[in-house]
Amino acid sequence: MRGPLGAVIGRYPSSDGSTQIGGIIRHNRKCRDVVFLVIFIAFWVAMIVNSSFGFNQGNPLRLTYGLDYKGNLCGDKHAHPSLHKLELKYWSNPNQVYQSGVKDSQFKLSNARSMCLLDCPIPSEDSLNWVCDYPEGDIRLSIKDWIDRNYDYYEFLTPEMRNASLQLQGPCYPVIFPSVNVYWSCQFIARASNTSLRHWQQMGGVNINEGIVIDKSIHRSINSRSSVLKRYMADIGKAWPVLIACGGLLPLFLSVIWLLMIRHFVAAMPWITVALFNILIITVTMFYYLKAGWIGNDAISPMIGEHDPYIHVFGRELNHLRAVAILMTFVMVVSILTSIAIVRRILMATSVLKARKGKIVLSAFRSMQMIQSLKVAAKVIGEVQALIIFPVLPYAILAIFYMFWISAGLHLFSSGQVVQNNCNTNCCAYDLVSKKVNCDRCCGYSIHYTPHIAVAIFFHLFGCYWATQFFIACSSTVIAGSVASYYWARGETSPEIPFLPVFASMKRLIRYSLGSVALGSLIVSFVESIRFILESIRRKLKVAGTTPDSWFEKMGYHTSQGCLRCVEWTIKSVNRNAYIMIAITGKSFCGASAIATELIMNNILRIGRVNVIGDIILFLGKLCVSLSSAVFGFVMLDTHKYRAAHNKISSPLLPVLVCYLFLIILL
């Protein structure tokens, strides 16, 4: 039979019940699960190598800007020629754009002639405007002069060049259709200028195809799934000040305030937490409705800069916001109903006058135990004051890690090689250097992603989850050791308590138990990864149209998903208690898990009475901090900086979700 779990420092009861005095207990403590600590260190080395590949091969600007007909990235000042500030991708040949939108056509928009401009060209009201290729060869103009001339040097062309231009083979192309800046690409408006078209026909130009197809072709490319995903990833890079403020500094400040309120207003905290949670979730839902355009006139727009107010362009991002708004409405209703049930418990706990025949109602007694546990927590915070300061350390470490991880992730996601497409279509274009029409190497360029990049990205995601679980586990173990020191001391060593327990617990963790923490966090990460892989396979099968048809196959899939969720929840619950036992006993992870499981099974009813409502209140506190950060994130992203010019984000959805989800994991 196991002896009692004594204090870790100060006074502790021995196995015979007598009180002994000593410093930090060193007996039965040694380095545990060293193999998994070595694996964790090796994994970090692999993470650094994997990230260095991304920093070497990637360029986050690829997530925002397109490629021109030379394979240069728009806006790249190191390109040849220099494209500094030339960030808009413009397709100069309207017939190629039209052909790429025709059903069953073999011509792709990626092979259409494109160049990088400062702004989207518009047709002239009394003549014909031209957009010409970058000046080179016999065209003696600098890029600056080319921009000042509105990209037009048609008057300098030789008769041969002019004839090629009238055949839509360059080097100059007519501006027939107006265009607007949609996510740094000039999208045509299927409304040809009659004046420009008449001048073009009078000059003997070839027939230019008109119709809605020319509009839909570019729109379909801009709103493809890959393009939307790239824009979402680019939003993370553009909104990094918001992530630091609303995902780092503000939550830290609010968490400290919440801990201080627990200490000084413990009886009122359940009321404050429930009320604040409902206010915040309603506020966040209303923000989603505003940005989705269902309330007011502040819906997100894919168009950048000034444009005709009668032109309306919609993107997938707006549909995503509306879907999230509907989901948040459902969550809000469920949360309010759940809060009503919690309020009933709090009322029964605070109204001890409610009794039957001199006996307190059982449910009220259980709720009172919850409030008493909060009072004990407040007393611990008051005695061990370093517990208020300590969370800053793991929080700062995780903040630094996330900054590195996000930067490496953006580079990994944008890594790849710029290669010329292999097209078999007629895309002849005049070459200013060779002074002739070239039909051999006129295909467009695209970024080629190799399969190992997908593996590197998955490895990067797994590393983030494992590292996060590891740091959270370390924090939990240190706090558990500190609280255990205070609890078993029973107030006898209170003059020595304020800072000593936290530092002593941290020292024991680093010296003896890092391997055990690495093992526990690895198990959680592994189960979560299996669930993520199964979900990815399900989505791919759904897209391919090969999802399970029979009820037996569907039942098997959903059963496996449910089992994995149950296993994940059970492991997380056992891990949390295992970390407590590691802090107290110094056992290995498996040994501590066995002790924790036995204690849970032997005290299942008591744990259920005390923990359930208390855990809900604490979880609501985490949600309050996260939702507050989400509200401030919406406010910051609604400023002019993120709604126009270079830092315009496609949608506030992902930056806000990143802040919210990271905080749910961290707190």
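In every chain, residue numbers begin from 1 and rise along the written sequence. Reporting of local features is limited, given that this is a predicted model, to residues whose pLDDT is at least 70; pairs of side-chain atoms are given and counted only at 80 or more, and all residues count toward the totals for whole chains, interfaces and linings. Hydrogens and waters are ignored; side-chain quantities use all the structure's heavy atoms.

(A) Spatial organisation of the pairing of strand β7 (residues 179–182). Burial status follows relative accessibility: with a 1.4 Å probe on protein chains alone, a residue under 20% of its type maximum counts as buried, one over 50% as exposed, and anything between as partly exposed. Strands here are runs of E lasting at least two residues and helices are runs of H or I lasting at least four, both read from the DSSP assignment and numbered beginning at the N terminus. Burial along β7 is two-sided: Ser 179 and Asn 181 and Val 180 and Val 182, pointing in opposite directions, are all buried. Of the pairings in the sheet, the one linking β7 to strand β8 (residues 185–188) comprises four bridges and is antiparallel in character. Looking at β8, one finds that Val 180 is bridged to Gln 187. Should DSSP find at least two bridges between two strands, the strands are taken to pair. Connecting the antiparallel pair β7 and β8 is a turn made up of two residues, with Tyr 183 showing a positive phi of about 50 degrees.

(B) Expanded view of the packing of aromatic side chains. Two aromatic rings from Phe, Tyr or Trp, using only the six-membered ring of Trp, form a pair when their centres are within 6.5 Å; if the ring planes differ by under 30 degrees the pair is stacked, by over 60 it is edge-to-face, and anything between is tilted. Within the structure shown, the criterion is met by 23 aromatic pairs. Ring plane angle 75 degrees and centroid distance 5.0 Å describe the contact between Phe 40 and Trp 466, whose orientation is recorded as edge-to-face. Note that Phe 40 is positioned in helix α1 (residues 34–57) and Trp 466 in helix α14 (residues 451–489), a separation of 426 residues in sequence. Across the pair, Trp 466 and Phe 40 agree in class, each one buried. Ring centres of Phe 462 and Trp 466 lie 6.1 Å apart, and the angle between their planes is 55 degrees; on these two criteria the pair is classed as tilted. Here Phe 462 pairs with Trp 466, and both are found in helix α14, just four residues apart, close to one helical turn. By relative accessible area, which is 16% here, Phe 462 ends up buried. A residue is classified by how much of its surface remains accessible, and Trp 466, at 2% relative accessible area, is buried. Of the aromatic side chains, those joined through ring pairs into one cluster are Phe 40, Phe 43, Trp 44, Phe 401, Tyr 402, Phe 459, Phe 462, Trp 466, Phe 470 and Phe 471. The rule is short: NZ of Lys or CZ of Arg within 6 Å of the ring centre and within 35 degrees of the ring normal puts a charge over the ring. Sitting above the plane of the Tyr 69 ring, Arg 113 keeps its charged end 3.8 Å from the centroid.

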